[in-house]
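# Notes for the structure review
Here is what each chain is made of, one letter per residue.
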Amino acid sequence: MRIAVIGAGTMGNGIAHVFAQNGYKVNLIDISQSSLDNGLATITKNLDRMLAKEKITARDKEEALHNITTFTTISEGVREVGLVVEAAVEDIDLKLKIFEELDLGCPRDTILATNTSSISITRIAGATQRPDKVIGMHFMNPVPLMPLVEVIRGYNTSDKTTGTIMELSKNLGKVPTEVNDYPGFVANRILMPMVNEAIETLHNGVAGVQEIDTVMKLGMAHPMGPLQLADFIGLDVCLSILNVMYNGFKNPKYAPSPLLVNMVTAGKLGIKSGEGFYDYSESKKAGKVAARFL
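Small disclaimer: the values here were computed from a predicted structure and weren't measured.

With that settled, consider the overall build of the protein chain. Helices and strands together make up the secondary structure of the protein chain, namely twelve helices and ten strands. Taken against the 2.2 N^0.38 rule, which gives 19 Å for 294 residues, the C-alpha radius of gyration of the protein chain at 19 Å falls within 12% of a compact globule. Taking the principal axes of the C-alpha coordinates as reference, the protein chain spans close to 55 × 45 × 35 Å. The long-range share in the protein chain, meaning contacts at least 24 apart out of those at least 6 apart in sequence, stands at 64%. With the model as given, the accessible surface of the protein chain reaches about 14,200 Å², and the carbon-plus-sulfur share is 53%.

Here it is, written out as structure tokens:
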């Protein structure tokens, strides 16, 4: 089966990496050639890291890279694929537009999957004439390392489509877990309120950034504190997911913290912008607390 991946960013290049490393031919698609170049550079760097740790051979690396072909248009990249995994930004209008184009350009039996972390699979499927073949395939970040794939069934997703994606995920060495289509699914419905509460705890002056993260790391055995994790995910992504859940459930417990809203408005998005709850700029030691938000 040939796979198409839409988007060469953090999640997209990670998904392409995993498929290519496991022997699948991958069409990596992005409207920006520079994004494709950066995506391939990231995949190469990650394969080099695996090679240095002797987890793969030089031939494995060469074959994985050889399995990836890049395209700058969806129409050219999806003509002969059996599965598309969309990994564009968390923007419902953009995703609906992409899925309309995929429905027109893909073979009729192609499965259309989305890596969305919170947006309704059923709503996305409504943009197509094949809702039985639309499904959520939510990889965790970083994709090459994290074993979970959250497989989300839309209202009309067929048993056949679900079974195919569950089996395919296992072929990638992942652990697929089937869930139903509600805002935030399982992973983010549980994770994001915790992250939001950590931000509120900071906002209310209960403790500082490092103190909050230390309590969760040492007291709850979390590998990363919630504020550091929010920086890693991207504060704009956290805000988007919380807004989806708040609008979907109409429950105030999902309302984003005002501090989170202000930080995103100010362009402090975490690692991607160089500063969030911690400072990641080159001129300062990575991980230093961004004290202006305390």
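Here the narrative resumes.
Attention shifts here to the sheet that holds strand β3 (residues 68-71). Sheet architecture is open: eight strands sit in the order β3-β2-β1-β4-β5-β6-β7-β8, paired in mixed fashion. Across the chains shown, the open sheet's two edge strands, defined by having one partner strand only, are β3 and β8 (175-180). Shown here is a sheet whose adjacent strand axes are inclined to one another by a mean of 25°, direction ignored. Lying over the sheet, helix α1 (residues 10-21) contacts β1 (2-6), β2 (25-29), β3, β4 (83-86) and β6 (134-139), oriented at roughly 165° with respect to β2.

This brings us to the pattern of salt bridges. Evaluation of the coordinates by the stated rule reveals eleven salt bridges. Of the charged contacts in the structure, one is a salt bridge between E63 and R59, with a shortest N-O distance of 3.0 Å. Placement of both E63 and R59 in helix α3 (residues 58-66) is noted, with a separation of four residues, approximately one turn of the helix. Judged by relative accessible area, R59 falls into the exposed class, the value being 61%.

When pLDDT is averaged along the protein chain, the result is 95, and 96% of the positions lie at 70 or above. Across residues 290-294, confidence stays below pLDDT 50; counting only partners more than four residues off in sequence or on other chains, it has 17 contacts.

Within this structure's numbering, the places UniProt gives as "domain: 3-hydroxyacyl-CoA dehydrogenase C-terminal" (unreviewed entry) are residues 184-280. Summarising residues 184-280: 62% helix, 2% strand, and an end-to-end C-alpha distance of 28 Å.

A few words now on the pairing of β8. Pairing geometry for strand β7 (residues 148-153) and β8, over six bridges, is parallel. Counted as the bridge partner of I152 is V179 from β8. In this fold, the crossover linking β7 to β8 by way of helix α7 (residues 159-171) has right-handed handedness.

For the pair helix α8 (residues 187-203) and helix α10 (residues 226-233), interaxial distance at closest approach is 9 Å and the crossing angle is 115°. Where α8 crosses over α10, the handedness of that crossing is left-handed. Of α10, the residues touching α8 (which contributes L191, M192, M194, V195, A198, I199 and L202) are P226, L227, L229, A230 and I233. Here the residues of the contact of α8 with α10 sort into twelve nonpolar, no polar and no charged.

Turning our eyes to something else, we now look at the nonpolar core. Counting residues in hydrophobic clusters, the biggest one holds 34 residues, and the most contacted among them are I15, F19, L83, V85, M137, F139 and I165. The dominant element in this core, judged by the number of residues it contributes, is α1, at six residues. Once residues within four sequence positions are removed from consideration, F19 is found in contact with I3, Y24, V26, L83, V85, M137, F139, L168 and L172. In terms of nonpolar packing, the next biggest core, distinct from the first, is built from 24 residues, A4, V81, F99 and I124 among them.

Take E150: it is sitting in strand β7. Buried and unpaired, E150 has R189 as its nearest opposite-charge partner, separated by 10.0 Å. Of the polar contacts made by the side chain of E150, one reaches the backbone nitrogen of V186; its length is 2.8 Å. Side-chain polar atoms of E150 contact the backbone nitrogen of A187, separated by 2.9 Å. Apart from the residues within four sequence positions on either side, E150 is in contact with G136, M137, H138, M140, T177, V179, F185, V186 and A187.

The rules we used
Residues numbered from 1 in each chain as written. Predicted model: local features only at pLDDT ≥ 70, side-chain atom pairs only at ≥ 80, totals over all residues. Heavy atoms only, no water. Helix = DSSP H or I, 4+ residues; strand = E, 2+ residues; numbered from the N terminus. Rg over C-alpha atoms; globule rule 2.2 N^0.38 Å. Contact = heavy atoms within 4.5 Å. Areas by Shrake-Rupley, 256 points an atom, 1.4 Å probe, with all protein chains shown as cover. Pairing = 2+ DSSP bridges. Axes fitted to C-alpha atoms, helices over the stretch in contact; angles between N-to-C directions. Salt bridge = Lys/Arg side-chain N within 4 Å of Asp/Glu carboxyl O. Buried < 20%, exposed > 50% of the residue type's maximum accessible area, 1.4 Å probe, protein only. pLDDT = per-residue confidence, 0-100. UniProt positions renumbered as here; feature names shortened; annotations may be inferred. Right-handed = clockwise from strand over helix to strand, strands pointing away. Left-handed = near helix turned anticlockwise from the far one by under 90°. Nonpolar A, V, L, I, M, F, W, Y, C, P; charged D, E, K, R; others polar. Core = buried A, V, L, I, M, F, W, Y, C linked by side-chain atoms within 4.5 Å. Lys, Arg positive; Asp, Glu negative; His and termini not counted. Polar contact = N/O pair within 3.5 Å; in protein donor to acceptor, adjacent residues only side chain to side chain.

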